[in-house]
Amino acid sequence: MNIERNETLIRQWAESNAASLGLQQGSEIKVTYIYNPGGFVNQSYRISAGKTIRHLKLAPDAKMHRLQQWASVSEQLSNRYNAPRLIREIQEEIIPDYRYGLVFEYIRGESLTSISHASAAISKVLFKLQQLHRDQELAAALVRTDATFTYADAFADAYISRFEGDMVTIREGKHLLHFVTEETLDWFDAEIHDLRETVYANPAFRKSASDVVHNDLGWNNVMVDERDEIWMIDWDDLAANGDAAMDYSVLLWPLYNTADWPYWKAKVIEQAGEELYERLSMYFRASLLDDVIDILADYVDSETIPELREKTQARAQATHLRAYPEYLRLYLRGNR
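What comes next is a walk through the structure. Residue positions are given per chain, counted from 1 along the sequence in the order it is written. In keeping with the predicted nature of the model, local features appear solely for residues at pLDDT of at least 70, side-chain atom pairs appear and are counted solely at 80 or more, and the whole-chain, interface and lining totals rest on all residues. Calculation of side-chain values draws on the structure's entire complement of heavy atoms; hydrogens and water are dropped beforehand.

## Topic: the overall build of the protein chain
- Helices and strands together make up the secondary structure of the protein chain, namely 12 helices and 10 strands.
- Our radius of gyration is a C-alpha quantity, and the globule rule it is checked against amounts to 2.2 Å times the number of residues to the power 0.38. Against the compact-globule benchmark of 20 Å for 336 residues, the protein chain has a radius of gyration of 20 Å, which places it among compact chains.
- Judged by the C-alpha coordinates and their principal axes, the protein chain covers about 65 × 50 × 40 Å.
- Only protein chains enter the calculation, and the probe is 1.4 Å; a residue is then buried if its accessible area is under 20% of its type maximum, exposed if over 50%, and partly exposed in between. Taken across its 336 residues, the protein chain has 53% of its residues classed as buried. Each helix corresponds to a stretch of at least 4 residues labelled H or I by DSSP, and each strand to a stretch of at least 2 residues labelled E; elements are numbered beginning at the N terminus.

Listed below in structure tokens is the structure:
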């Protein structure tokens, strides 16, 4: 990826399409790449012209169906869940190998990671999640898998498939990971297998997965504006056959095992029930394993992006070295 080249190409495209993008006429157009430390498959850019700002998200062919689904229900998401308003679809190649994208209004605010007191905002998000998970009208508008798709299958889609793909990337780039041994990689493979077996054997995961889920509601994807309004962004992974426990786990993961956790645990059980909470413990385990394994794939992938390599690899190594001993302490066989 050549960020400087891409910013130039997008600026040229935006200058030719300023009217349809709602950009302020006569103002200089600026384009800035938005760094996503969680991956480099989709690409996001900030387009500004005077006081008007737009958010451009581009996807390669293999991922465009997710953005297309988002576009198909964008009005419902904006009206009900404060998703950014869709400005226009893009069905042309602006930068190499990216032939589809969406342009949204740019949300001016701070993410949950940036505000000092997130509790009030999280409570508002939990209220919205309860509505989302039961939204049958939205579910009817989305692509659904067959009725035999279970909560275990949803978990495997969210984490096991990701980890298995990560391991391919990690082994191919093993020469870059000087702080990871071959024995450790073998242990990762065994742990992924064990996680799959444990989930599929758990009765709480056997029911049909029929929850409408965001699937990536981390603190970077919740924005709070100057009016304390909550915005839920990045709906790429929206699904009609999902597990509400996934949304709860991603949102509440930073609070797990903190002094405040008993309060949030009680709130989840009150809102979603004991059975969901039982599944939640497996999602928290996977969240920590994500910081052990998936982060190494980011380390390898960043090797092809010179502008971001040093920052991404430093973050990835630090995250892995913090999370790996913690995972062993909590989940190593014999410690569970």
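From this point, the discussion proceeds with the structure in view.
## A short note on the pairing of strand β2 (residues 43-49)
- Judged by how many residues are buried, β2 sits mostly within the fold: six of seven residues are covered.
- Both strand β1 (residues 29-34) and β2 contribute to a ladder of six bridges, which runs antiparallel. Its bridge partner lying in β2, T32 is registered against R46.
- Two strands form a pair only when DSSP identifies at least two bridges running between them. Where β2 and strand β3 (residues 52-59) come together, seven bridges link them in antiparallel fashion. For I47, the partnering residue across the bridge sits in β3 and is R54.
- Hairpin connection between β2 and β3: a loop of two residues separates the two successive antiparallel strands, and G50 in this loop has a positive phi of roughly 65°.

## Details of the sheet that holds strand β9 (residues 230-232)
- Reading across the sheet, the three strands line up as β6-β8-β9 and stay open at both edges, with antiparallel pairing between neighbours. Of all the strands in the sheet, the pair left with one neighbour each is β6 (110-111) and β9.
- Sheet topology note: the strand β8 (residues 222-224)/β9 ladder contains three bridges and is antiparallel. Bridge pairing in β9 links M223 to W231.
- Only heavy atoms enter the contact rule, under which two residues are in contact if any of them lie within 4.5 Å. Between the N-to-C directions of two axes lies an angle of 0 to 180 degrees, each axis being a line fitted to C-alpha atoms and, for a helix, fitted only over the stretch in contact. Sheet contacts for helix α4 (residues 119-133): β8 and β9; angle to β9, the most-contacted strand, approximately 50°.

## Remarks on the packing of aromatic side chains
- Within 6.5 Å between ring centres, the rings of Phe, Tyr and Trp (the latter by its six-membered ring) count as paired, and their orientation is classed by plane angle as stacked under 30 degrees, edge-to-face over 60, tilted in between. In total, this model carries 22 aromatic pairs according to the counting rule given.
- When the centroid spacing of 5.8 Å and the interplanar angle of 35° are considered together, the rings of Y159 and F163 count as tilted. In this pair, Y159 and F163 both sit in helix α6 (residues 151-172), four residues apart, roughly one turn of the helix.
- With a relative accessible area of 3%, Y159 lands in the buried category.

## Some details on the pattern of salt bridges
- Any carboxyl oxygen of Asp or Glu within 4 Å of a side-chain nitrogen of Lys or Arg constitutes a salt bridge here. Counted by the stated rule, this structure contains 19 salt bridges.
- A salt bridge links E182 to R171; its shortest N-O distance comes to 2.6 Å. In this pair, E182 is assigned in helix α7 (residues 182-201) and R171 in helix α6, connecting sequence segments 11 residues apart.
- Salt-bridge contacts for R285 lead to E191; the nearest nitrogen and oxygen are separated by 2.8 Å. Of the two residues, R285 is situated in helix α10 (residues 274-292) and E191 in helix α7; the sequence distance between them amounts to 94 residues. Residue R285 shares its accessibility class with E191, and that shared class is buried.
- Connected through shared salt-bridge partners, R171, E182, D186 and D189 make up one network.

## A short note on the sheet that holds β3
- Strands sit in the order β1-β2-β3-β5-β4 across an open sheet of five strands; the sheet is antiparallel. Whereas interior strands pair on both sides, the edge strands pair on one side only; in this sheet they are β1 and β4 (86-90). Taking each pair of neighbouring strands and ignoring which way they run, the sheet shows an average axis angle of 20°.
- Relative to strand β5 (residues 100-105), β3 runs antiparallel, the two being bridged by six bridges. Looking across to β5, one finds that L56 is bridged to V103.
- Across the sheet, helix α1 (residues 3-16) touches β1, β2, β3, β4 and β5, and the angle it forms with β1 is around 140°.

## A short note on helix α3 (residues 74-81)
- The element α3 is largely enclosed, with a buried count of six among its eight residues.
- Along α3, the positions that sit buried rather than exposed are S74, Q76, L77, S78, R80 and Y81.
- Buried-residue contacts for α3 involve α2 (64-72), β4, α4, α5 (136-141) and β9.
- N82 sits one or two residues past α3 and shows a positive phi near 55°.

## Observations concerning the side chain of N6
- Here N6 lies in helix α1.
- By relative accessible area, N6 is classed as buried at 1%.
- Once residues lying within four places of it in the same chain are set aside, the contact partners of N6 are M1, Q43, Y45, I95 and P96.

## As for the nonpolar core
- Membership of the largest hydrophobic core comes to 89 residues, with the highest contact counts inside it found for I122, F155, L251 and L252.
- Here the element with the most residues in this core is α6; it accounts for 11 residues.
- As used in this record, nonpolar core signifies buried Ala, Val, Leu, Ile, Met, Phe, Trp, Tyr and Cys residues forming a set joined through side-chain atoms within 4.5 Å. One finds I3, A18, V31 and Y98 within the second-largest nonpolar core, a separate group that totals 22 residues.

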